[in-house]
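Each chain, letter by letter, is given below.
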Amino acid sequence: MEKQQKPLVSDIMWVEKYRPTRLDQVINQKEIVKGLENLLKKPNELPHLLFTGSAGVGKTTMAICLARQLLGENWKRDTLELNASDERGIKMVRERVKEFASIMKLSINQQADERPFKIIILDEADEMTSEAQTALRRIIEDSAKTTRFVFICNYLSHIIEPIQSRCVIFRFSKVSEDEVVEYLKNICKNEGVKVDDKALHKIYEQTNGDMRHSINILQAASASGNVSVQQVQNAIGISGRSKISEIIDLAIDSKFNDSRLKLLELLNVYGVSETDFLRYANEEIYKRDLENPYEVSTILAEYDYRLANGAHPEIQLAAFLAQLGRLNLKSRKK
Amino acid sequence: MMWTEKYRMKSIDGFFGNEKERHIVIDWLSHWVKGSKPLLMMGPPGTGKTSFVKSLAKYFDYDLVELNASDLRNKSNLEALILPLLINSSLFGKKLMLFLDEIDGISGRDDYGGLSFLAVVLKDADIPIIMASNSKNQKMKDVLKSSKIVTFLPLTPFASYLLIKYILNRESKILDQDTIIKIIRDARGDARGLINGLQMIIEGTIEGYSKIGSEYEIEESISKFFTFENINETKQMLLNSVLQFSTPKFGYSQEERSRDFLNALYNSIVSNHKNISDEKLANLLHCLSEVDLFVNRIYENRNWRLLKYSNDILLTKLFKTSRNLGIKYSQYSIPFPLIGTIFMRGQSLRPLRNALSKQFHTSTSTVGLFCLSYFLQVIKNGKFGVLDFNSNEDDKINEIIVKEKLRA
C-alpha cells in the first residue's frame, strides 16, 4: 500500500512539529540552556540531571534535545523515555529501567574516557513511589559509566534526597507572556494563520504559560485560518482540563449527580488520573470568588489523602463532590 | 470426620474428572528416569491434585516427602531439606518422591531465594519431583520453563454428578434432582466445595447453605442494612451475609465486585441521591469514605485480623445516619445505558490515548487534560487520511479515529 503517504502525527500536530530539536532553539530558560551546552562540551563528564518546574515550560523538550545532541542519529534507540505517572511502582524500575541500564554494559567494551551512550529520561519522577525511587539509587550508580539519567518533576520535594544529591538540579522558570506570544506568532506565520493579539492574550491567560497547552489551543482554534478570541474560547472549552472546571461548578451548585457523571467521563473517556483531577480542582477553587477558598482547599486536601490511602477511588471523589454541594458556597460568595 | 477428608480419594482409580490429565501423570511417572523433567500440576483448588499425588505414591510404592505452604521455603530451608534427599536417595532403601504443594504460595519475601533455588534443583534431580500450583505467576517462570506441565480442569458437571451420586450411594441417601444441580452449579467444579455442600444439605447442620452470594442475597442484605431498626440485629445479619470487604485498587474479579460491601453501599446511596438531602448525602459519603480508608489500610498492611472490626466501624459511622432514608439496593450507581457509553468509549479510546502519550512525550493523564480533545478537533477540522502513529497498533488507532469523527 502507499505506506509513505501516511502523514505522521508528529507532523500534523504543531506541538510536536514546533518542538525545538536543539537546545539553542529553546526560546526561554536561557541560563539553563547555557549551562547544559557547557556541560555538553565534555560529554563523558556529564552529570545526572534533574529538571524541575511547572507544566509546559520545556523540561521534557530540553531532555530530548540533550539526548539528540549527545547521542546523535540513533538517539531514539539509545534513549529510554518513561513516564512515572503511568508506571509508578518499583516494578517499573526493576523491569524497565534496570533492564535498559544493564543490557548495554555487555554490548560494548567500555573505555575509561568514553562518553555515556544511553540516556534514561524519567518524566514526572515525583509520581514514583518512594520505594521505586529508593530502588533507583543503586542502579544510578551501577550504570554510571554508560548511562545518564534525566529526572523530570513538578515538585522537587517529592524526589527523595539521595536522588537529588546524585543530580545537578535545574529549576525551570515560568515562560513569560511575551515569550509565549512570540512563539505562537511565529507558528501562525509559518502556517499562514491570521491571529488576533487579544486571542493570544486569552490563550496565555488560560494556560498560564504552559506551552503544550497553548500550542494545542492555537491549533484547535485555527481551523478557519483565522484565530479570534471566540475561537480560542471555544477551543478551550473542549479540553479535559476545562471539564474539571465544569465538574466543580456543578458540585458547588449542589448538582451532585451531574458533576459525578462528568467526573466519570473525565476519568474513563479522557483517561485523566484521579490525582490530576484533584490537583486541577484545587486550582479551580482559587479561581472562583469564594468567601473562604482555604476552607474548601482543606477539604480537598483531606480527600486527596484519602484517595491515596483508601480502597475505592470513586467513593472518595464522590464524597468530595458531595461535600462541595453541602457547603452552600454559592450564597456565600464575596 | 469431615466429609472432605472422609471422601478424599485414596486409590488411584477412584477419582472423578480429569481422566486424561491423570493418565498423563501416571504415564510420566512410569516412564520416569533420572534427568526427566519434573512434573508441575496446575489447576484450581479441589480438582484432586494433592489427593492424586498421594494415591500415586502409594500405588507406585514411593515414600512421599511433602512440602507445602505451611513450611518455610526459603533457600536455606529448601537446601537443608532437599539436597540430602537428592544426593543420598539410594541410601533410604525405598524409592523417594518429592512433592512440593502450593508452589505459587512461595512468598517473595519470607521465602527469599526459594524459587530460584528450586529452578536449579529441578534441572537434574535424582528422584521424581511433582509440584502443584493453583496459578502461574511471574516469579515462577524459571520453574515453569524446566517442568512438564499438566493442567487440571475444574470438574465437569458430569463428573460432579458422578461424584455426588457416589457419595449419596455410600451414605445411603437420596436427593432431588434440583438440589443436586444447585450443588453442582454452586461448587463450580471444586470437588471440595461439592462435598461440603452435599454434607451441609444431607446432615442438615446449616440450613440455607450458600457458598457464592447470589444477586438476591446481596440485595437482601443491603435492604436489611438500610431498614433494620435494631443495630444488634443488623450486626448479626451482616455476620451471615455474603457481602465482603475488598478493594478494587489491587484489582478484583467480577465476583468480588458484586460482593463488595462498600461498593454495594455506595451504589445504593448515590442512586437514591434524589431522596436524600445534600447535607445527608455528604454525610453518608463522608462516613463511607472513612470506612473505605480503614479497609484499605488493612489490605495494604495485610492486617487481616483487623477486618473483624470493619462491620462495627461501619455500623457506628453509618447506621444512625442512614435510617429512614428509603435507600434501596442498586447494583449500578448510574443508569446502565449511560455508564455503558462512558465505559465503552473509554475502553475504545485507550489505544489512542496511549499512542498520543508516546507521540507527545507525556503521561496519559496529561494527554487527557491537554491533548486528546484538541487532537480530535484538529483531525475533524483537517482532511487527513490514515495517520502514521509509528505504533504497531496503527490500524486499530485509525479505526478509533474514524469512529470518533463520526460522533457528532
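Keep in mind that this is a model prediction, so the values were computed, not measured.

What counts, and at which threshold
Residues numbered from 1 in each chain as written. Chains lettered and ligands numbered in written order. Predicted model: local features only at pLDDT ≥ 70, side-chain atom pairs only at ≥ 80, totals over all residues. Heavy atoms only, no water. Helix = DSSP H or I, 4+ residues; strand = E, 2+ residues; numbered from the N terminus. Buried < 20%, exposed > 50% of the residue type's maximum accessible area, 1.4 Å probe, protein only. Contact = heavy atoms within 4.5 Å. Arc of directions from axis to C-beta. Pairing = 2+ DSSP bridges. Axes fitted to C-alpha atoms, helices over the stretch in contact; angles between N-to-C directions. Buried area = accessible area lost by both parts, 1.4 Å probe. Salt bridge = Lys/Arg side-chain N within 4 Å of Asp/Glu carboxyl O. Polar contact = N/O pair within 3.5 Å; in protein donor to acceptor, adjacent residues only side chain to side chain. Nonpolar A, V, L, I, M, F, W, Y, C, P; charged D, E, K, R; others polar. Domains from an automatic or database assignment.

Q: Help me understand the overall build of chain B, please; the structure alone is not making it clear to me.
A: Across its full length, chain B holds 19 helices and five strands. A principal-axis box enclosing the C-alpha atoms of chain B has dimensions of 80 × 60 × 40 Å. When burial is assessed residue by residue, chain B has 50% of its 408 residues classed as buried. Long-range contacts, defined here as pairs at least 24 residues apart, represent 73% of the contacts in chain B between residues at least 6 apart.

Q: Would you mind going over helix H11 (residues 229-237) of chain A with me for this structure?
A: Along an α-helix, residues three or four positions apart point the same way, because every turn accommodates 3.6 residues. Residues Val232(A), Ala235(A) and Ile236(A) constitute the buried set of H11(A). Projected down its long axis, H11(A) carries its buried residues within an arc of 100°, all on one side. Looking at the buried residues of H11(A), the elements they touch are helix H9 (197-207), helix H10 (211-221), strand S7 (226-227) and helix H12 (240-252) of chain A together with helix H18 (372-381) of chain B.

Q: Would you explain the sheet that holds strand S5 (residues 167-171) of chain A in this entry?
A: Residue and element names in this part refer to chain A. The five strands are arranged S2-S3-S4-S1-S5 in an open sheet whose pairing can be described as parallel. One side of each edge strand has no neighbouring strand; the edge strands of this open sheet are strand S2 (79-83) and S5. With direction set aside, neighbouring strand axes in the sheet form an average angle of 15°. Sitting on the sheet, helix H3 (residues 30-40) is in contact with strand S1 (48-52) and S5, with an inclination near 155° to S5. Seen against the sheet, helix H6 (residues 130-142) touches S1, strand S3 (118-123) and strand S4 (147-153) and runs at an angle of roughly 145° to S4.

Q: Help me understand the interface of chain B and chain A, please; the structure alone is not making it clear to me.
A: How large an interface is tends to be reported as the accessible area lost when its parts come together. The interface of chain B with chain A comprises 60 residues on the first partner and 66 residues on the second. Taking both sides of the interface into account, the surface hidden between chain B and chain A amounts to around 5700 Å²; carbon and sulfur atoms contribute 60%. It is His361(B), Phe370(B) and Tyr374(B) that lose the most area in chain B upon contact with chain A, and together they represent 14% of the buried surface on that side. Taken together, chain B and chain A are joined by three salt bridges. Here Glu279(B) and Arg326(A) are joined by a salt bridge, their closest N and O atoms 3.2 Å apart. Linking chain B to chain A there are 34 residue pairs in polar contact (both at pLDDT 80 or more). For the side of chain B that touches chain A, the secondary structure elements donating two or more residues are helix H13 (261-271), helix H14 (278-301), helix H16 (336-359), helix H17 (364-370) and H18 of chain B. The biggest single contributor to the side of chain B that touches chain A is H14(B), with 14 residues. Across the side of chain B that touches chain A, the residue classes tally to 27 nonpolar, 22 polar and 11 charged.

Q: Explanation requested: the sheet that holds strand S5 (residues 148-151) of chain B in the structure shown.
A: Sheet strands associate in pairs through backbone hydrogen bonding, adopting either a parallel or an antiparallel arrangement. Residue and element names in this part refer to chain B. Ordered by their spatial adjacency, five strands build an open sheet running S2-S3-S4-S1-S5, and the pairing between neighbours is parallel. Of all the strands in the sheet, the pair left with one neighbour each is strand S2 (62-67) and S5. Between one strand and the next, the sheet's axes are offset by a mean angle of 20°, whatever the strand orientation. In terms of strand pairing, S2 meets strand S3 (residues 95-100) through six bridges, oriented parallel. Its bridge partner being in S3, Leu67 is matched across the sheet by Leu100. Its contacts with the sheet put helix H3 (residues 49-59) on strand S1 (39-42), S2, S3 and strand S4 (129-133), and the angle it makes with S2 is roughly 150°.

Q: Help me out: how do you make sense of the pattern of salt bridges in this one?
A: Working definition: two side chains of opposite charge can pair if their charged atoms are close together. Residues and elements named next belong to chain A. On inspection of all chains with the given rule, the structure shows 32 salt bridges over all chains. Here Glu284 ties to Arg241 by a salt bridge, and the two come within 2.9 Å at their closest N and O atoms. Of this pair, Glu284 sits in helix H14 (residues 274-287) while Arg241 is found in helix H12, placing the two residues 43 residues apart along the sequence. Through salt bridges with shared partners, a single network forms among Arg241, Asp249, Glu283, Glu284, Lys287 and Arg288.

Q: What is the right way to read H9(A) from this model?
A: All names here are of chain A. Taken together, the buried positions of H9 are occupied by Ala199, Leu200, Lys202, Ile203, Tyr204 and Thr207. Elements in contact with the buried residues of H9: helix H8 (177-191), strand S6 (194-195), H10, S7 and H11. Positive backbone phi, at 55°, marks Asn208, one or two positions downstream of H9.

Q: It is not clear to me how unusual backbone geometry should be interpreted in this structure. Could you clarify?
A: Excluding glycine, most residues fall at negative phi; most peptide bonds, likewise, are trans. Positive phi, normally seen in glycine, also occurs at Gln29(A), with a value near 55°. Looking at the element boundaries, Gln29(A) is found in the loop between helix H2 (14-17) and H3. Of note in the backbone geometry, Ser172(B) takes a positive phi value of approximately 55° without being a glycine. Positionally, Ser172(B) belongs in the loop between helix H7 (157-171) and helix H8 (177-187).

Q: Teacher, can you tell me more about the domain arrangement of chain A here?
A: What the domain assignment reports for chain A is domain 1 (3-171), domain 2 (177-237) and domain 3 (240-332). Look at where the C-alpha atoms of domain 1 of chain A and domain 3 of chain A centre, and you get two points 34 Å apart.

Q: Could you clarify how one ought to interpret the pairing of S4(A) in this entry?
A: Within a regular beta strand, the side chains point alternately toward one face of the sheet and then the other, so they alternate between its two faces. Residue and element names in this part refer to chain A. The buried count for S4 comes to seven of seven residues, which makes it a mostly enclosed element. With four bridges connecting them, S1 and S4 associate as parallel partners. Looking across to S4, one finds that Leu50 is bridged to Phe151. Inspection of the sheet shows S3 paired to S4 by five bridges, in the parallel sense. Within S4, the residue paired with Ile120 across the bridge is Phe149.

Q: I'm lost on the environment of Ser297(A) in this one. Help?
A: Residue and element names in this part refer to chain A. For Ser297, the location among the structural elements is in helix H15 (residues 293-309). By relative accessible area, Ser297 is classed as buried at 14%. Separated by 14 residues in sequence, Ser297 and Glu283 have C-alpha atoms that sit 9.2 Å apart. Those residues within four positions of Ser297 in sequence are excluded, and the remaining contacts are Asn282 and Tyr286. There is a polar contact of 2.8 Å between the side chain of Ser297 and the side chain of Asn282.

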